[in-house]
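Listed below, chain by chain, are the residues.
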Number of protein chains: 2
Amino acid sequence: MDASSETFEARLTATAREVEAVLDTLLSSSVLNGEIVRPERLRSAMHYASLNGGKRLRPFLVIEAASLLGGDRDAALRVGAALECVHCYSLVHDDLPAMDDDDLRRGKPTVHIAYDEATAILTGDSLLTYAFDIIAAPETKLPDAAKVVLTLALARAAGIGGMAGGQALDLAAEKQAPDEQGIVTLQAMKTGALIRFACEAGAIIAGASPEDRTRLRQFGERIGLAFQLADDILDLTSDAATMGKATGKDAGRSKGTLVALHGMAWAEAKLAEHVREAEALLSPYAGRGTVLTEAARFIAGRKS
Amino acid sequence: MDASSETFEARLTATAREVEAVLDTLLSSSVLNGEIVRPERLRSAMHYASLNGGKRLRPFLVIEAASLLGGDRDAALRVGAALECVHCYSLVHDDLPAMDDDDLRRGKPTVHIAYDEATAILTGDSLLTYAFDIIAAPETKLPDAAKVVLTLALARAAGIGGMAGGQALDLAAEKQAPDEQGIVTLQAMKTGALIRFACEAGAIIAGASPEDRTRLRQFGERIGLAFQLADDILDLTSDAATMGKATGKDAGRSKGTLVALHGMAWAEAKLAEHVREAEALLSPYAGRGTVLTEAARFIAGRKS
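As a convention, each chain's residues are numbered from 1 in the sequence order in which they are written. Chain A is the first chain written and ligand 1 is the first ligand written, with later ones labelled in order. Local features in a predicted model are, by the rule used here, given only for residues with pLDDT of at least 70; side-chain atom pairs are given and counted only at 80 or more, and totals for whole chains, interfaces and linings are based on all residues. Working from all heavy atoms in the structure, the side-chain values ignore hydrogens and water.

The name given to chain A in an unreviewed UniProt entry is Probable farnesyl diphosphate synthase, with the source organism recorded as Rhizobium altiplani. Taken from UniProt, the Cofactor (unreviewed entry) comment for chain A reads in full: "Mg(2+)". UniProt positions are given in the numbering used here, feature names are shortened, and annotations may be inferred rather than shown by experiment.

Following this line, the structure appears as structure tokens:
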């Protein structure tokens, strides 16, 4: 690990702690504004599901993309927390018996194991709903126009045309292996859409020009591709202890990945290409793009 | 049935057809704006779940409340369709084996029976997400400020402090019967919150004064109470054929209702009181409030 990546990982960790503090505050009260009653078991499950030790990569991207373009940090933290609620909802629902049927997530019991299946369904539903609450709430200090654009972009990234649709394709892929284009579409929707949104959201928060917004969106697309490819490589090479979940599962379920299709050497060359393209997209920002550039490298080189 | 209620029911039916036409348009395309790909099985399940022959009472309330205060009808139709997506998502998830485990909904197979359980989970998730898409989309011609207020109010009505939280309380009530205050809170959240939102949304769409908005919100609260009480009465008196779903279930599961607690005579008197209070709230609008007044009476007197 060189000095630069050490600094980057410290920054990533520090930001994760900040995001977790925001999430903890948002999900700790049983009564909000003196009138909104939150049933305790469900509130506790939402807290459990979203404060479970992830890297908080998506909020980090929101915050660093906003920072690059001069956006407000507190607003970016709240939008990042909203995005993390969406990510965590998807993990809770994906883990359900009717979906991937996973008992462990990051080495801890999944929500339907720690609580029960009905509570897990409602936990996912409530986290998804809460994401839109957080963005629209007066405490998120952004112009209404930005909130509307963020709401629309998040709904599209998370819905049938994005993450949820990608999960549907993933379930279908267990029955019939998709071709290469099918794999690319599935991954762009299931994993790529939220990562792309994270980067684009930073630009929206900053009130960036359409050119900057497009550039950040394209950067998000590239690192989304890198993220998925790194995930597929990890899935074939790492062991369950490192990942904290069952591995080799995708292969076992005969779902195609690009690594399975083209081999490891191709995958590693492609991964480097995605990172180069991501970096090139940030060249107009010169030195200010360093953190996001390091994020791209980190995503490609991560070990878990 | 007198002439006035006949006219009212014709109006309700005509509006339901309009709402269904909007939902059908929103959920029929497999590609949106030339770029948003919708996996076919999931899109089809969303269409099935939301075009299943309900009365579309919530959209009707949005549209009539907006009309009372001079709001745009097309915007109200789209917000009504969004609200119906939230209502339908809740039915799909409530019907799941881990929740109420119902095979039939309005006499037709529920989504997890007609499709499969994983698809039903994703269908609910995607309908909920799509509701926020519809409100924020440029096709909904409303000021950004109104869209943000609608987004926040809908998220609060649907989330842990509203419908989803009410469903969590309902599940808990199967294990331990709530006291009277517990029943009131449960019902206000599970059923009342979306009905209240429907009426308040009409005021928001119309850009109404805070006084008018509060008045419509209070009207929505009253008819929400009436709706739930009528439901509890129906549940004890009607047969499965009329309701199109299993009845007597709430009693069988030993969940308390106010009818079980206080008896039928009390319930009918209370129902009439809710309707009178709802009507009184509309008195400042004189004749213009007639349709909503009839809606209150219809809700209290409905047979299914």
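Now that the structure has been shown, the text picks up again.
(A) Here's a closer look at the packing of helix α14 (residues 264-281) of chain A against helix α15 (residues 290-301) of chain A. Residues and elements named next belong to chain A. Contact geometry for α14 and α15: axes closest at 9 Å, N-to-C directions at 170°. Taken together, the axes of α14 and α15 lie roughly antiparallel to each other. Mapping the contact onto sequence places Leu271, Val275, Ala278 and Glu279 in α14 and Thr293, Ala296, Arg297 and Ala300 in α15. Looking at side-chain class alone, the contact of α14 with α15 contains five nonpolar, one polar and two charged residues. Helix axes are fitted to C-alpha atoms over the stretch in contact, other axes to C-alpha atoms as well, and angles between N-to-C directions run from 0 to 180 degrees. Only runs of H or I of at least four residues qualify as helices and only runs of E of at least two qualify as strands under DSSP, and these elements are numbered from the N terminus. Orientation labels follow simple angle bins: below 35 degrees gives roughly parallel, above 145 gives roughly antiparallel, 65 to 115 gives roughly perpendicular, and whatever is left gives oblique. The contact criterion used throughout is that any non-hydrogen atoms of two residues lie within 4.5 Å. Residues are grouped as follows: nonpolar covers Ala, Val, Leu, Ile, Met, Phe, Trp, Tyr, Cys and Pro; charged covers Asp, Glu, Lys and Arg; every other residue, Gly included, is treated as polar.

(B) Region of interest: the packing of aromatic side chains. Residues and elements named next belong to chain A. Pairing of aromatic rings covers Phe, Tyr and the six-membered ring of Trp, with a centre-to-centre limit of 6.5 Å; geometry is then stacked below 30 degrees between planes, edge-to-face above 60, and tilted otherwise. Counted under the stated rule, the structure contains seven aromatic pairs over all chains. Pairing Phe8 with Phe60 gives two aromatic rings, centres 5.5 Å apart and planes at 90°, and the pair type is edge-to-face. Here Phe8 is found in helix α1 (residues 3-28), whereas its partner Phe60 is found in helix α3 (residues 57-68), with 52 residues between them in sequence. Relative accessibility decides the category of a residue: with a 1.4 Å probe and only protein chains considered, values under 20% of the type maximum give buried, values over 50% give exposed, and everything between is partly exposed. Judged by relative accessible area, Phe8 falls into the buried class, the value being 3%. When the ring of Tyr48 is compared with that of Tyr115, the centres are 5.8 Å apart and the planes differ by 70°; the resulting orientation is edge-to-face. Here the residue Tyr48 occupies a position in helix α2 (residues 40-50), and Tyr115 occupies one in the loop between α5 (111-114) and α6 (117-136), the gap between them amounting to 67 residues. Residue classification places Tyr115 among the buried residues on the basis of a relative accessible area of 18%. An aromatic cluster is present here, built from Phe8, Phe60 and Phe298 joined pairwise through their rings.

(C) Highlighting the packing of helix α3 (residues 57-68) of chain B against helix α9 (residues 180-205) of chain B. Residues and elements named next belong to chain B. Taken N-terminus to C-terminus, the directions of α3 and α9 make an angle of 30°; their axes are 7 Å apart at the nearest point. Between α3 and α9, the interaxial angle falls into the category roughly parallel. Every pair of crossing elements has a handedness; the one defined by α3 and α9 is right-handed. Where α3 approaches α9, its residues Arg58, Leu61, Val62, Ala65 and Ala66 are matched on the opposing element by Leu194, Ile195, Ala198, Cys199, Ala201, Gly202 and Ile205. Crossings are classed by handedness, with left-handed meaning an anticlockwise turn of the near helix from the far one by less than a right angle and right-handed meaning a clockwise turn.

(D) Representation of helix α8 (residues 163-175) of chain B in the model. In this scheme, a helix's expected span is set at 1.5 Å multiplied by one less than its residue total. Helix length check: α8 of chain B (13 residues) gives 19 Å between terminal C-alpha atoms against 18 Å at 1.5 Å per residue, within 8%. Residues Met163, Ala164, Gly165, Gly166, Gln167, Ala168, Asp170, Leu171 and Ala173 of chain B constitute the buried set of α8 of chain B. On the buried face of α8 of chain B, the contacting elements are α2 and α6 of chain A together with α4 (73-94), α7 (144-158) and α9 of chain B.

(E) Structural detail: the relation of the copies chain A and chain B. A least-squares superposition brings the copies together, and it is based on the C-alpha atoms of residues with pLDDT no lower than 70 in both. When chain A is fitted to chain B, the residual RMSD is 0.0 Å, and the transformation amounts to a turn of 180° plus an axial shift of 0.0 Å. The operation mapping one copy onto its partner corresponds to a two-fold rotation axis. Taking C-alpha positions as the reference, the residue of chain A nearest the rotation axis is Asp144 of chain A, at 2.8 Å. Of all interface residues in chain A, 98% are interface residues in chain B too; the two copies therefore contact each other through one and the same surface.

(F) Region of interest: the interface of chain A and chain B. On the side of chain B, 46 residues touch chain A, which itself brings 46 residues to the contact. Salt-bridge detection follows one rule: a side-chain nitrogen of Lys or Arg within 4 Å of a carboxyl oxygen of Asp or Glu. The interface formed by chain A and chain B holds two salt bridges in total. Note that Arg156 of chain B is salt-bridged to Asp133 of chain A, the shortest N-O span being 3.0 Å. Nitrogen and oxygen atoms within 3.5 Å of one another constitute a polar contact, given that in protein one can donate a hydrogen and the other can accept it, and given that sequence-neighbouring residues count only through two side-chain atoms. Here chain A and chain B share four residue pairs in polar contact (both at pLDDT 80 or more) between them. With eleven residues, α6 of chain A is the single largest residue contributor to the side of chain A that touches chain B. Per-class residue counts for the side of chain A that touches chain B are 28 nonpolar, nine polar and nine charged.

(G) Up close: unusual backbone geometry. The phi torsion at Arg106 of chain A lies on the positive side, around 50°, for a residue other than glycine. Counting through the fold element by element, Arg106 of chain A comes out in the loop between β3 (104-105) and β4 (108-109). When its relative accessible area of 33% is taken as the criterion, Arg106 of chain A is described as partly exposed. Positioned with a positive phi, Asp101 of chain B is a non-glycine residue whose angle comes to about 55°. Within the secondary structure layout, Asp101 of chain B lies in the loop between α4 and β3 (104-105). Judged by relative accessible area, Asp101 of chain B falls into the partly exposed class, the value being 44%.

(H) Structural view of the pattern of salt bridges. Tallied over the full model, the rule gives 34 salt bridges over all chains. Lys190 of chain B is the salt-bridge partner of Asp170 of chain B, the closest N and O atoms lying 2.6 Å from each other. One end of the pair, Asp170 of chain B, is in helix α8; the other, Lys190 of chain B, is in helix α9, with 20 residues separating them in the sequence. Judged by relative accessible area, which is 9%, Asp170 of chain B ranks as buried. Since its relative accessible area comes to 21%, Lys190 of chain B is described here as partly exposed. Residues joined by salt bridges that share partners form a network here, namely Arg17, Glu20, Arg56 and Glu84 of chain A.

(I) Expanded view of the environment of Asp144 of chain A. Turning to its location among the elements, Asp144 of chain A is positioned in helix α7 (residues 144-158). Relative accessible area serves as the criterion here: at 31%, Asp144 of chain A is assigned to the partly exposed category. Each residue touching Asp144 of chain A, except ones within four places of it in the same chain, is listed here: Asp144, Ala145 and Val148 of chain B.

(J) Representation of the side chain of Thr110 of chain A within the structure. Locating Thr110 of chain A in the fold gives a position in the loop between β4 and α5. If sequence neighbours within four positions are ignored, Thr110 of chain A has contacts with Asp95, Asp102, Asp103, Leu104 and Arg105 of chain A.

(K) A look at the environment of Gly165 of chain A. Counting through the fold element by element, Gly165 of chain A comes out in helix α8 (residues 163-175). Classification of Gly165 of chain A as buried rests on a relative accessible area of 0%. Excluding anything up to four places from it in sequence, Gly165 of chain A contacts Gly159, Ile160 and Met189 of chain A together with Pro39 and Leu42 of chain B.

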